[in-house]
Every structure is written in C-alpha cells, then in structure tokens.
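# Examination of the molecular architecture
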Amino acid sequence: MKTHILTVWFAALLLLVACQTLNGPQTLQDRIQYAKASVTTSYRTIGSLAQRGRITKAEGKKLITDADTVKTSILVAEASLNGGDIPNAATALDLATRGLVALEAYLKTKEGQ
C-alpha cells in the first residue's frame, strides 16, 4: 500500500512537472488538471502518513491546511482561465505548482522515516 501511494503520488507530480516542459501538455487547462490530480494524491498521502503514525495530528492538520491552500490556488487558476484572465490563471497555477513541490518534498521526508 505504501509503495502504491508513493508511486501514484510521484507519478502525479512527474506529470505536473512534465506538463511544464516541452514534452508535456502545454495548455493551462491541462496543467490545471494535473495540479488537481497531484493535490488529491497529496491528501491521500497525508492520510496514509497519519494512519501509519509517520506524522503527528498537528503535522497532519498543518499539511491539510497547506494542501487546502494549494487547492485554492488551483481553483483560482481554473476560475481565472474560465473567465478569460490568462495572466492571473498562469500566476495562480505557478503558485500552486510551487506549493505542490514544497509539499511533496516534505511528504517525501516523512515517507522515508
């Protein structure tokens, strides 16, 4: 189970990063969808870490808050894109991506304990 969650999580993150390179989807809509999948995987990983005692209750709450912040940025990006505000959509998605990378790095350290 642990390996499966890590594999899915890293695959989602890899897709998010790949979509920002020449080899991946370039549309904002595609990048937003990848970010949504990645944040969902982060929520699952946080739950798994909590269940296995790898994080404290306080850490779990903080990580959920961090994931919620990322999700909010993704939703802002999506709403901006749907409203035709491409610059704001791109900025919000960039913030979400940075948050996901930071969240992933922290979760990775907790998985390795």
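Residues numbered from 1 in each chain as written. Predicted model: local features only at pLDDT ≥ 70, side-chain atom pairs only at ≥ 80, totals over all residues. Heavy atoms only, no water.

## Details of the overall build of the protein
The condition is simple: By the criteria applied, helices consist of DSSP H or I runs no shorter than four residues and strands consist of E runs no shorter than two, each listed in order from the N terminus. Only protein chains enter the accessibility calculation, which uses a 1.4 Å probe; a residue is then buried when its area is under 20% of its type maximum, exposed when over 50%, and partly exposed in between. Contacts are assigned to residue pairs that have any heavy atoms within 4.5 Å of one another.
Scanning the protein from terminus to terminus reveals 4 helices and 0 strands. Counting from the amino terminus, the protein carries its helices and strands in the arrangement α-α-α-α. The buried share among the 113 residues of the protein stands at 37%. Within the protein, contacts between residues separated by at least 24 positions form 70% of all contacts whose residues are at least 6 apart in sequence.

## Concerning the side chain of Ser80
Along the chain, the position of Ser80 falls in helix 3 (residues 57-82). Take Ser80: its relative accessible area is 10%, and that puts it in the buried class. Setting aside chain neighbours within four positions, we find Ser80 in contact with Asp85, Asn88 and Ala89.

## Description of the confidence of the model for the protein
Defined as follows: Residue-level confidence of the predictor is what pLDDT reports, using numbers from 0 through 100.
Averaged over every residue, the pLDDT of the protein is 86; the share at 70 or more is 77%. By mean pLDDT, helix 1 (residues 2-18) is the weakest element of the protein at 56, and helix 3 is the strongest at 97.

## Regarding the pattern of salt bridges
What counts, and what does not: Salt bridges are identified by distance alone: a Lys or Arg side-chain nitrogen within 4 Å of an Asp or Glu carboxyl oxygen.
Counting across every chain of the model gives 5 salt bridges. Between Lys110 and Glu59 there is a salt bridge, with its nearest N and O atoms 2.9 Å apart. One end of the pair, Lys110, is in helix 4 (residues 86-111); the other, Glu59, is in helix 3, and 51 residues separate them in sequence. Looking at Lys110, the relative accessible area reads 10%, which means it is buried.

## Considerations on the packing of helix 2 (residues 28-51) against helix 3
Just so we agree on the cut-off: Comment: axis = line fitted to C-alpha atoms, over the contacting stretch for helices; angle = value between 0 and 180 degrees taken between N-to-C directions. In what follows, roughly perpendicular refers to angles from 65 to 115 degrees, roughly parallel to angles under 35, roughly antiparallel to angles over 145, and oblique to any angle outside these ranges. Left-handed describes a crossing whose near helix is turned anticlockwise from the far helix through less than a right angle; right-handed describes the clockwise counterpart. Side-chain classes are defined by residue name, with Ala, Val, Leu, Ile, Met, Phe, Trp, Tyr, Cys and Pro counting as nonpolar, Asp, Glu, Lys and Arg as charged, and the others, Gly among them, as polar.
Running from N to C, helix 2 and helix 3 point in directions that differ by 165°, and their axes come no closer than 10 Å. One way to sum up the angle between helix 2 and helix 3 is to call them roughly antiparallel. As for the relative orientation of helix 2 and helix 3, their crossing is left-handed in sense. Listed contacts from helix 3 to Leu28, Gln29, Ile32, Gln33, Ala35, Lys36, Val39, Tyr43 and Ile46 of helix 2 are Gly60, Leu63, Ile64, Ala67, Asp68, Val70, Lys71, Ile74, Ala77, Glu78, Leu81 and Asn82. For the contact of helix 2 with helix 3, the residue count by class is 13 nonpolar, 4 polar and 4 charged.

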